[in-house]
Amino acid sequence: MPALLALAMGVWGAGRLPLWRDEAITSEIARRSVPDILWCARHIDAVHAGYYLLMHCVVQVFGAGEFALRLPSIAAFAATAAGITVLGRRIMSGPAGLVAGLLYTAAPFASRYAHEARSYSLVAALTVWLTVLFVDLAERGSRRRYAAYGAGVALLGLVHLFALLILPAHLATLLQAHRTRTMLRRWSAAAAAAVVAVSPLIALAVTQRNALDWLTRPGWRDALFLAEAFTGPPKAAYLLGAAMAVGLIRPGAAARSPRRPWPCRGCCCPRRCCSWSPSSIPSTRAAT
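This report concerns the structure included in the present document. Position labels on residues start from 1 in each chain and follow its written sequence. Local features in this predicted model are restricted to residues of pLDDT 70 or higher, and side-chain atom pairs are both shown and tallied only at a pLDDT of 80 or more, whereas totals for entire chains, interfaces and linings draw on every residue. Excluding hydrogens and water, the side-chain figures rest on all heavy atoms present in the structure.

Quick look at the overall build of the protein now. Along the backbone of the protein there are 16 helices and zero strands. For the protein, with 288 residues in total, the buried portion stands at 43%. Note on contacts: a residue pair qualifies if any of its non-hydrogen atoms lie within 4.5 Å across the two residues. Within the protein, residue pairs in contact and separated by at least 24 positions form 78% of the contacts whose partners lie at least 6 positions apart. All accessible areas in this document rest on Shrake-Rupley with a 1.4 Å probe, and a residue is counted as covered only by the protein chains that are shown. Total accessible area computed for the protein in this model is approximately 14700 Å², and 68% of it derives from carbon and sulfur atoms. Secondary structure is summarised from DSSP: a helix means a run of H or I of at least four residues, a strand means a run of E of at least two, and numbering begins at the N terminus for each. We call a residue buried when its accessible area falls under 20% of the maximum for its residue type, exposed when it is over 50%, and partly exposed in between, using a 1.4 Å probe and counting protein chains only.

Only C-alpha atoms enter the line fits that serve as axes; for helices the fit covers just the stretch in contact. Angles between N-to-C directions range over 0 to 180 degrees. Axis separation between helix α2 (residues 21-30) and helix α4 (residues 49-62) bottoms out at 8 Å; the angle between their running directions is 70 degrees. Relative to α4, the element α2 lies roughly perpendicular. Where α2 abuts α4, its residues Ile 25, Thr 26, Ile 29 and Ala 30 lie against Tyr 51, Tyr 52, Met 55, His 56 and Val 59. Gly is placed with the polar residues, together with every amino acid not listed as nonpolar (Ala, Val, Leu, Ile, Met, Phe, Trp, Tyr, Cys and Pro) or charged (Asp, Glu, Lys and Arg). Of the residues in the contact of α2 with α4, the class split is seven nonpolar, two polar and no charged. For classification, angles of less than 35 degrees are called roughly parallel, those exceeding 145 degrees roughly antiparallel, those between 65 and 115 degrees roughly perpendicular, and all remaining angles oblique.

Let us look at the packing of aromatic side chains. Here the distance between the centres and the angle between the planes together describe a pair of aromatic rings. Under the pairing criterion, centres of Phe, Tyr and Trp rings, with the six-membered ring standing for Trp, must be within 6.5 Å; the plane angle then separates stacked pairs below 30 degrees from edge-to-face pairs above 60, leaving the rest tilted. Tallied over the entire structure, the rule returns five aromatic pairs. Ring plane angle 90 degrees and centroid distance 5.9 Å describe the contact between Phe 109 and Tyr 113, whose orientation is recorded as edge-to-face. Of this pair, Phe 109 and Tyr 113 both sit in helix α7 (residues 108-114), four residues apart, which is roughly one turn of that helix. Per residue, the accessibility class of Phe 109 equals that of Tyr 113, and both read buried. When the ring of Tyr 113 is compared with that of Tyr 120, the centres are 5.6 Å apart and the planes differ by 85 degrees; the resulting orientation is edge-to-face. Taken together, the aromatic side chains of Phe 109, Tyr 113 and Tyr 120 make up a single cluster linked through ring pairs.

Our next topic: the pattern of salt bridges. Here, a salt bridge means any side-chain nitrogen of Lys or Arg that lies within 4 Å of a carboxyl oxygen of Asp or Glu. Summed over the entire model, instances satisfying the criterion amount to five salt bridges. Ionic pairing is found between Arg 90 and Asp 136, a salt bridge with its closest N-O pair at 3.6 Å. Highlighted residues: Arg 90 in helix α5 (residues 66-91) and Asp 136 in helix α8 (residues 120-136), separated in sequence by 46 residues. For Arg 145, the salt bridge is made with Asp 136, and the minimal N-O distance between the two is 2.6 Å. Residue classification places Arg 145 among the partly exposed residues on the basis of a relative accessible area of 29%. Owing to a relative accessible area of 5%, Asp 136 belongs among the buried residues under this scheme. When salt bridges with common partners are traced through the structure, they connect Arg 90, Asp 136 and Arg 145 into a single cluster.

Once that is clear, we can look at the nonpolar core. Buried Ala, Val, Leu, Ile, Met, Phe, Trp, Tyr and Cys residues form a nonpolar core when they are joined through side-chain atoms within 4.5 Å. Counting 46 residues, the largest nonpolar core has Tyr 149, Val 153 and Trp 187 as the members making the most contacts within it. Sorting the residues of this core by element identifies α2, α3 (34-43), α4, α5, α8, α9 (143-159), α10 (166-177) and α11 (181-207) as the ones contributing at least two each. Once residues within four sequence positions are removed from consideration, Trp 187 is found in contact with Phe 134, Tyr 146, Tyr 149, Leu 167, His 170, Leu 171 and Leu 174. Counting 16 residues, the second largest nonpolar core, distinct from the first, contains Phe 77, Tyr 113, Ala 114 and Ala 124.

With respect to the helices and strands, the residue Arg 70 is situated in helix α5. For Arg 70, the residues in contact, after removing those within four places along its chain, are Ala 14, Gly 15, Leu 17, Pro 18, Leu 19, Glu 23, Ala 114, His 115, Glu 116 and Ala 117.

Right under this line is the structure:
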């Protein structure tokens, strides 16, 4: 249900508003040839190269109208809602997953970026489903699944390098959950292979860091603004924060469930992983 609701909300009015500045950049670059996009990646914007190549394919098939350019973000919005629902069900319960999916769908920032022709909704979707796969490794940790996890991390890095910050969260989860050394070793190998695969892109992006010199260092006020903007009114942010605190303090129900692959203490990090992706979308926008 959250995915269908998110899809309906995303489609509604998606082509009504004109493209704003960053979306216009997406439209302009996506309409170029592949060699021109690669040239742009080498000299100007390596971070978004994978997204621009994807949007080039979208433009070739659906055109460069407002709705067509925002279609991948709309689909990703629905996919993220579905992924959060699944993740909540896996680490907590079915009702918890349903509530989590509905909360994400109702989040103002989530629906906002569903109507924006930029990469952030895709980053959220990939991050959430990668975390679902990460939790799945605890039950069925075959080599094929670890290979799929590594490939997913590499794909996530190609879409947006900042999204690789999910790896420390996954590592913290492994350490808190006291998983076996075999799982930790296999996870480390998959994550390291993914980072090595995208290392040329990382090295290229480092040479372009001067493009962000105009940004100021964020402070606590910026963090508070992002939290309130994501949840809506300040009262909603405080209520949500209180609910999260209660969930972390009283996690016994999840720990007693025989179906949960992660002990309660380790479940806290997957929940943070899940919430990281959508709430960090605005912060990554500064790289545009």
